[in-house]
Amino acid sequence: MKDKTMIKQPLRIFKIGGNVINNEEALFSFLKDFSELEGPKILVHGGGRKATEVSSAMGLKPQMINGRRVTDEATVEVVTMVYAGLLNKKVTAKLQSFGCNAMGLSGADANCILAHKRIVKDVDYGFAGDVDAINSEIIDVLLKNNVTPVFCAITHNKKGQLLNTNADTIASEVTIGMSKLYTTELNFVFELKGVLESIEDKNSVISEINSEKYKQLIKQGIIADGMIPKLHNCFNSLKKGVSKVKIGDASLVKNDTKLYTTLSL
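Rules and cut-offs
Residues numbered from 1 in each chain as written. Predicted model: local features only at pLDDT ≥ 70, side-chain atom pairs only at ≥ 80, totals over all residues. Heavy atoms only, no water. Helix = DSSP H or I, 4+ residues; strand = E, 2+ residues; numbered from the N terminus. Rg over C-alpha atoms; globule rule 2.2 N^0.38 Å. Buried < 20%, exposed > 50% of the residue type's maximum accessible area, 1.4 Å probe, protein only. Contact = heavy atoms within 4.5 Å. Lys, Arg positive; Asp, Glu negative; His and termini not counted. Charge placed at Lys NZ, Arg CZ, Asp CG, Glu CD. Expected span 1.5 Å × (residues − 1). Bend = angle between axes of the 7 residues up to and from the residue. Polar contact = N/O pair within 3.5 Å; in protein donor to acceptor, adjacent residues only side chain to side chain. Salt bridge = Lys/Arg side-chain N within 4 Å of Asp/Glu carboxyl O. Pairing = 2+ DSSP bridges.

### Overview of the overall build of the protein chain
Phase 1 of the analysis: When helices and strands are counted, the protein chain shows eight helices and 14 strands.
Phase 2 of the analysis: In terms of C-alpha radius of gyration, the protein chain reaches 18 Å, essentially the compact-globule figure of 18 Å for 265 residues.
Phase 3 of the analysis: If one aligns the C-alpha atoms of the protein chain with their principal axes, the spans along those axes are about 50 × 50 × 40 Å.
Phase 4 of the analysis: Taken across its 265 residues, the protein chain has 49% of its residues classed as buried.
Phase 5 of the analysis: Look at the contacts in the protein chain between residues 6 or more apart in sequence, and 69% of them connect residues 24 or more apart.
Phase 6 of the analysis: Distance between charge centres in the protein chain, computed from 34 positive and 29 negative side chains, equals 3 Å.

### Focus: unusual backbone geometry
Phase 1 of the analysis: Positive phi values are uncommon outside glycine, yet Asn 111 reaches one of about 55 degrees.
Phase 2 of the analysis: With respect to the helices and strands, Asn 111 occurs in the loop between strand S5 (102-105) and strand S6 (113-117).
Phase 3 of the analysis: When its relative accessible area of 24% is taken as the criterion, Asn 111 is described as partly exposed.
Phase 4 of the analysis: The backbone of Lys 158 sits at a positive phi, close to 65 degrees, despite the residue not being glycine.
Phase 5 of the analysis: Looking at where Lys 158 falls in the secondary structure, it is placed in the loop between strand S9 (154-156) and strand S10 (162-164).

### Things to note about helix H4 (residues 73-97)
Because each turn of an α-helix spans 3.6 residues, side chains separated by three or four positions end up pointing in the same direction.
Phase 1 of the analysis: With 25 residues, H4 should reach 36 Å at 1.5 Å per residue; the first-to-last C-alpha distance of 35 Å fits that figure.
Phase 2 of the analysis: Of all the bends in H4, the largest measures some 35 degrees and sits at Asn 88.
Phase 3 of the analysis: Within H4 the residues assigned to the buried category are Thr 75, Val 76, Val 78, Val 79, Thr 80, Val 82, Tyr 83, Leu 87, Asn 88, Val 91, Thr 92 and Leu 95.
Phase 4 of the analysis: By the N-cap criterion, in which a side-chain oxygen at the helix start approaches the backbone nitrogen of a residue two or three places on, H4 is capped by Asp 72, the distance to Ala 74 being 3.3 Å.
Phase 5 of the analysis: One or two steps after H4, the chain reaches Gly 99, where phi turns positive at roughly 85 degrees.

### Regarding the pattern of salt bridges
Phase 1 of the analysis: Tallying each qualifying case throughout the model produces 11 salt bridges.
Phase 2 of the analysis: With its nearest N and O atoms 2.9 Å apart, the salt bridge here joins Asp 140 to Lys 144. Here Asp 140 pairs with Lys 144, and both are found in helix H5 (residues 136-144), just four residues apart, close to one helical turn.
Phase 3 of the analysis: Measuring nitrogen to oxygen at the nearest pair gives 2.9 Å for the salt bridge that ties Asp 168 to Lys 230. Taken as a pair, Asp 168 in helix H6 (residues 167-178) and Lys 230 in helix H8 (residues 227-239) lie far apart in primary sequence, 62 residues in all. Each member of the pair, Asp 168 together with Lys 230, is buried.
Phase 4 of the analysis: The structure contains a network of salt bridges with shared partners spanning Lys 15, Asp 168 and Lys 230.

### Remarks on the pairing of strand S13 (residues 244-248)
Phase 1 of the analysis: Burial within S13 is extensive, with four of its five residues counted as buried.
Phase 2 of the analysis: Two elements, strand S11 (residues 183-189) and S13, share five bridges in a ladder whose sense is parallel. Residue pairing across strands places Leu 186 opposite Val 245, the latter belonging to S13.
Phase 3 of the analysis: When S13 meets strand S14 (residues 261-263), the two strands line up antiparallel, connected through three bridges. Across the sheet, Val 245 pairs through a bridge with Leu 263, a residue of S14.

As structure tokens, then:
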């Protein structure tokens, strides 16, 4: 029988967005620092900007509603090619070049992330996926064999259908799923140093936001648009067992910066 008082090993999950992926210099620097992190780690990446570029080049007109992509049959093929193919393997190959034994994965691989097609309410987002379950046991097998999983934003429904799923949500759900086996820390890495008091001042980072302050900042209009679903994922993670959530720029991975935002309940 396992000792319930046993301290769980720390596991760090990093999510990087398109502003890092689309900048060769920033991506190189981040992945080099990420590869040097000791202990188990997981990387999740988006890549919506590249998907939009490829869609346009193929004569498809990307459709966005409330900042989220509408994924019809043609689009799900494009995002799978871009996310699970080009970008995922590009990131994986760069990590291998830095000596980090990474494995690029979609949710369909080893049934790692099971999802369902989003139920139509006010808006039909097409083949957008909402996560149902994380296969934490198989992910743990990889981690215990010193393999770093690199997840893209593609999931599946176990009926043969691939689904486009928000990368922030995947990062959050993977972190929650692994929290029963590890002490988990979720890091959202994007172009800013954290959540800003004023968008005009890039150093006006709000150092800590709890759930009450979050509501106040929304009312004040300081947190708006795409930051609302991102922070929703953060608080959802904390409520479901994640130990720590941080938002900041690529310097988070080196843990040598004082400018970032910590989320707490």
